[in-house]
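Listed here are the chains, written in short residue letters.
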2 protein chains.
Amino acid sequence: MIRIAIDAMGGDHGPEVVIPGLDKVAERRPDVRFLIFGRHETVMPVLARYPRVEQASEFFHCEIAVRMDDKPSQALRQGRYKSSMWRAIEAVKDGSADVCVSAGNTGALMAMSKFCLRTMVSIERPAIAAIWPTVRGESVVLDVGATIGADADQLIDFAILGSAMARSIFGIERPSVGLLNVGVEEIKGQEEVKEAGRLLREANPKSMDYHGFVEGDDIGKGTVDVVVTEGFAGNIALKTAEGTAKQIGQYLRSAMTRTLMSKIGAIFARDAFRRLKEKMDVRRANGGVFLGLNGIVVKSHGGADDEGFAAAVDLAYDMGRSKLIDAIRRDLETFHGSAGKRDVAGAKDAGSEDL
Amino acid sequence: MIRIAIDAMGGDHGPEVVIPGLDKVAERRPDVRFLIFGRHETVMPVLARYPRVEQASEFFHCEIAVRMDDKPSQALRQGRYKSSMWRAIEAVKDGSADVCVSAGNTGALMAMSKFCLRTMVSIERPAIAAIWPTVRGESVVLDVGATIGADADQLIDFAILGSAMARSIFGIERPSVGLLNVGVEEIKGQEEVKEAGRLLREANPKSMDYHGFVEGDDIGKGTVDVVVTEGFAGNIALKTAEGTAKQIGQYLRSAMTRTLMSKIGAIFARDAFRRLKEKMDVRRANGGVFLGLNGIVVKSHGGADDEGFAAAVDLAYDMGRSKLIDAIRRDLETFHGSAGKRDVAGAKDAGSEDL
């Protein structure tokens, strides 16, 4: 049985989207259990309309709900120990849930996750991993915005975290890993990236197949299973790709509705366009995964609908079932040696640095 | 009359693409003159087939041609003073041409351009500017890969250079300028970007309308006329957008050829798809512009066809006609004060730092 802690108050629509989303997941997965955290008076009326969710879940009343525009510090001050967001994360910490999902605001969710779960031994900073649709399937891209900048060691951590996630959700034993750079030649790029490349090539870790540098256009090609970058460039790449997809969608719509002929063509090609729309649907790839903490937290888009939220919960389910956290621990131990090369206290301190 | 220096030996196809490209430009613009640099025995036979280009040009024989895989240092050593690439750039320096176009390799072209033209007083580093198609038209994005990293002063230089270019090619008196960041709030992002934002807000330069921070998805939306970023993130954003456009093109083709119905639809919608293809055509936006040197150099894609090369020459023509270099000098003087705030010697030294 997979137990998923749900912050029912997160996102632009709260329980009105969260509960119908859970209903879709419960329909597909009979072995799922939800621990739902939220305000009694808001969640209960919705839950009553979804008996399947009601049956598969336990509800916990929380007085406080973190708002979408709360600053991380504000959310921590007001919501620590008692908000639905905090308590959903805490359920992962105390072992009552395998994984947690929230559509709440990213900054607050990351701050609370770091404070509650702490970064793993030998990991300096958590990362946010995104699932990126490619022409070959899907890839994991990280970090897409947890922190800005990363040194070579942190990039290597991201490579270990990302390849464990790729193994967990794609079922690839030794995922290929590329470092995002401005050229594929060894002499080009940021010093940190070059250094990380050198170290990965030398270490040749068992848990991944280090491919070398990749460029921006390799992400969509699916050149590698895991694309590693620091959070500034990663966030810009992700949003630029989303923007380009929207832009082309807009071109296509305006081209198809301009003349009678193109409108007729659009009718014949309706199924083709539906397939295309599904391919381009960001909802299918909804869910930023916080990696590097002592527990997995999945962030759903705040504006996601029930289908999108369900996709994020599905992702959480897959990672819970494959015991991703245990896999990451094993990979880290293998890489760093069982004692952990790094100073543990130092690693813990770094956890709250960018709140 | 606009005089354009052409490196006929650059690109994957050399004069076979360059000369037909020039023919298209000469047809559209009766007041253009070309100074063509290249190997006599390679260029002359092609030139003979294009009398319009022959009439509008002067040819200069150069023994050396820089190869597409030459390292910048190698190209400088072998090709300085005598290669077609060098001599095309030199024509801008000595005033015999208004602007230069080459499809040769970017690293060599930038190294030679810096060595020959030198960076402008008060500019520390040149930038490469790209023209980015948006849903509202086009925007200028810089730096897309001249150098990695930029401090606040360099980002401000890029803002001045980019807005002068936008004024020159879009005819907007006071182009809007955004700094690329991971969030639009003032508290987020790289320190250098935040500092540049603060300085631009305070200075409120006459030559631009400073908008604030923009995110990756704002580029394609056309939120601002000029997007400013350092070269690592800028290059990744550009290539990611190109990759995403190709990816969606591939989805679309496979969706439209899958069933009989979709194939019929595709026939009816043929004109619509042609329009879409034009919109997505990277050739229309071909041409990276080197800014910040004492002369304008336009880099055409190495793989561009004649249409693509012509687009790069058109862009050069527009910038030559609007006397972009003079406009940049005026903007820099207005911003820094007529004496130039920065140490001139220091600025010149920085020019060859990343060769």
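Fair warning: this is a prediction, and the values are worked out from it, not measured in the lab. (Residues numbered from 1 in each chain as written. Chains lettered and ligands numbered in written order. Predicted model: local features only at pLDDT ≥ 70, side-chain atom pairs only at ≥ 80, totals over all residues. Heavy atoms only, no water.)

A. Just the overall build of chain A, in detail. If you tally the helices and strands in chain A, you get 15 helices and eleven strands. Based on the C-alpha atoms only, the size of chain A along its principal axes is roughly 60 × 55 × 35 Å. Looking at chain A residue by residue over its 355 residues, the buried ones come to 59%. Long-range pairs, those at least 24 residues apart, make up 72% of the contacts in chain A between residues at least 6 apart in sequence. When the accessible surface of chain A is summed, it comes to about 14,400 Å², and 49% of that surface belongs to carbon and sulfur atoms. Chain A carries 47 positive and 50 negative side-chain charges, and their two centres are separated by 4 Å. (Helix = DSSP H or I, 4+ residues; strand = E, 2+ residues; numbered from the N terminus. Buried < 20%, exposed > 50% of the residue type's maximum accessible area, 1.4 Å probe, protein only. Contact = heavy atoms within 4.5 Å. Areas by Shrake-Rupley, 256 points an atom, 1.4 Å probe, with all protein chains shown as cover. Lys, Arg positive; Asp, Glu negative; His and termini not counted. Charge placed at Lys NZ, Arg CZ, Asp CG, Glu CD.)

B. Fine view of the packing of aromatic side chains. Residue and element names in this part refer to chain A. Per the counting criterion, the structure on display carries six aromatic pairs over all chains. In this structure an aromatic cluster arises from ring pairing among Tyr-81, Trp-86 and Phe-115. A cation over a ring is seen here: Arg-80 above Phe-115, with NZ or CZ 4.3 Å from the ring centre. (Phe/Tyr/Trp six-rings, centres within 6.5 Å; stacked < 30°, edge-to-face > 60°. Lys NZ or Arg CZ within 6 Å of the ring centre and 35° of its normal.)

C. Summary view of helix H2 (residues 40-48) of chain A. All names here are of chain A. Of the residues making up H2, those classed as buried are Val-43, Val-46 and Leu-47. Around the axis of H2, the buried residues are gathered within 100° of arc, so they sit on the same side. Lining the buried residues of H2 we find helix H1 (15-28), strand S2 (32-38), helix H3 (51-55) and strand S3 (57-61). (Arc of directions from axis to C-beta.)

D. View of the interface of chain A and chain B. Counting residues at the interface gives 49 residues for chain A and 49 residues for chain B. Buried surface at the junction of chain A and chain B, summed over both partners, amounts to about 4,400 Å²; 75% is from carbon and sulfur atoms. The largest share of the area that chain A buries against chain B comes from Phe232(A), Tyr251(A) and Phe268(A), three residues that together contribute 15% of it. One can count two salt bridges joining chain A with chain B. (Buried area = accessible area lost by both parts, 1.4 Å probe. Salt bridge = Lys/Arg side-chain N within 4 Å of Asp/Glu carboxyl O.)

E. Looking closely at the domain arrangement of chain A. All names here are of chain A. Here chain A is described as being made up of domain 1 (2-123 + 292-346) and domain 2 (127-283). Averaged C-alpha coordinates put domain 1 and domain 2 at centres separated by 24 Å. Opposite the 22 residues of domain 1 that make contact, domain 2 presents 19 residues. A combined buried area of about 1,700 Å² lies between domain 1 and domain 2, and 69% of that area is made up of carbon and sulfur atoms. Put simply, domain 1 and domain 2 have one salt bridge between them. We note a salt bridge from Asp-331 to Arg-167, for which the minimum N-O separation is 2.9 Å. Taken together, the links from domain 1 to domain 2 amount to two residue pairs in polar contact (both at pLDDT 80 or more). (Domains from an automatic or database assignment. Polar contact = N/O pair within 3.5 Å; in protein donor to acceptor, adjacent residues only side chain to side chain.)

F. Broad picture of the side chain of Asp217(B). Residue placement: Asp217(B) occurs in helix H9 (residues 216-221). Given the relative accessible area of 16%, Asp217(B) is considered buried. Other than its neighbours up to four places away in sequence, Asp217(B) contacts Lys239(A), Thr240(A) and Gly243(A).

G. Summary view of unusual backbone geometry. With an omega of 0°, the peptide bond running from Leu142(A) to Asp143(A) counts as cis. Along the chain, the position of Asp143(A) falls in the loop between strand S6 (137-142) and helix H7 (152-170).

H. Expanded view of the sheet that holds strand S5 (residues 127-134) of chain A. Residues and elements named next belong to chain A. A sheet is described by the order of its strands in space; here eleven strands give the open sequence S3-S2-S1-S4-S11-S10-S5-S6-S9-S7-S8, paired in mixed fashion. Taken across any chain shown, the strands that pair with only one partner, and hence form the sheet edges, are S3 and strand S8 (209-214). Each neighbouring strand pair of the sheet contributes to a mean axis angle of 25°, computed without reference to strand direction. In this sheet, S6 lies alongside S5 in antiparallel orientation, the contact comprising six bridges. Each bridged residue has a counterpart across the sheet, and for Thr-134 the counterpart in S6 is Gly-137. With respect to the sheet, helix H8 (residues 191-203) is in contact with strand S7 (176-180) and S8, its orientation differing from that of S8 by roughly 160°. In this fold helix H13 (residues 306-321) packs onto strand S1 (2-7), S2, strand S4 (99-102), S5, strand S10 (288-291) and strand S11 (297-299), with an angle of close to 140° to the strand it touches most, S1. (Pairing = 2+ DSSP bridges. Axes fitted to C-alpha atoms, helices over the stretch in contact; angles between N-to-C directions.)

I. Region of interest: the environment of Thr229(A). All names here are of chain A. Tracing the backbone shows Thr-229 in the loop between strand S9 (226-228) and helix H10 (231-256). Relative accessible area serves as the criterion here: at 3%, Thr-229 is assigned to the buried category. Sequence-wise, Thr-229 and Ala-159 are 70 residues apart; in three dimensions their C-alpha atoms are separated by 9.0 Å. Look past the residues within four positions of Thr-229 in its chain and what remains in contact with it is Leu-142, Asp-143, Leu-155, Phe-158, Leu-180 and Gly-234.

J. The arrangement of the pattern of salt bridges in detail. Considering all chains together, one arrives at 34 salt bridges over all chains under this definition. Ionic pairing is found between Glu307(B) and Lys24(B), a salt bridge with its closest N-O pair at 3.8 Å. Separated by 283 residues along the polypeptide, Glu307(B) in helix H13 (residues 306-321) and Lys24(B) in helix H1 (residues 15-28) bring together distant segments of the chain. On the basis of relative accessible area, Glu307(B) is assigned to the partly exposed category, the value being 32%. Assessed through its relative accessible area of 25%, Lys24(B) is described here as partly exposed. The residue Glu41(B) makes a salt bridge to Arg39(B) at a minimum N-O spacing of 2.6 Å. Since its relative accessible area comes to 45%, Glu41(B) is described here as partly exposed. When salt bridges with common partners are traced through the structure, they connect Asp23(A), Glu27(A) and Arg52(A) into a single cluster.

K. Broad picture of the relation of the copies chain A and chain B. Once turned by 180° and shifted 0.0 Å along the axis, chain A lies on chain B with an RMSD of 0.1 Å. A rotation of that kind, with that shift, is consistent with a two-fold axis. Minimal C-alpha separation from the rotation axis in chain A is found for Gly265(A), amounting to 1.9 Å. Both copies contact each other with a shared surface, as 98% of the interface residues of chain A are interface residues in chain B too. (Least-squares fit on C-alpha atoms with pLDDT ≥ 70 in both.)

L. Highlighting the environment of Val226(B). Residue and element names in this part refer to chain B. Tracing the backbone through its elements, the reader meets Val-226 in strand S9 (residues 226-228). In this structure, the C-alpha to C-alpha distance between Val-226 and Met-120, residues 106 residues apart in sequence, is 20 Å. Setting aside anything within four residues of it in sequence, one finds Val-226 in contact with Val-140, Leu-142, Gly-162, Ser-163, Ala-166, Pro-175, Ser-176, Val-177 and Gly-178.

M. Focus on the sheet that holds strand S11 (residues 297-299) of chain B. Residue and element names in this part refer to chain B. Strand order across the open sheet formed by eleven strands is S3-S2-S1-S4-S11-S10-S5-S6-S9-S7-S8, with mixed pairing between neighbours. Sheet topology places strand S3 (57-61) and strand S8 (209-214) at the edges, where each strand pairs with a single neighbour. Each strand of the sheet is rotated relative to its neighbour by a mean of 25°, with strand direction disregarded. Bridge count between strand S6 (residues 137-142) and S9: three bridges; the pairing is parallel. Bridge assignment links Val-141 to a residue of S9, and that residue is Val-227. The strands touched by H13 within the sheet are strand S1 (2-7), strand S2 (32-38), strand S4 (99-102), strand S5 (127-134), strand S10 (288-291) and S11, with S1 carrying the most contacts at an inclination of about 140°.

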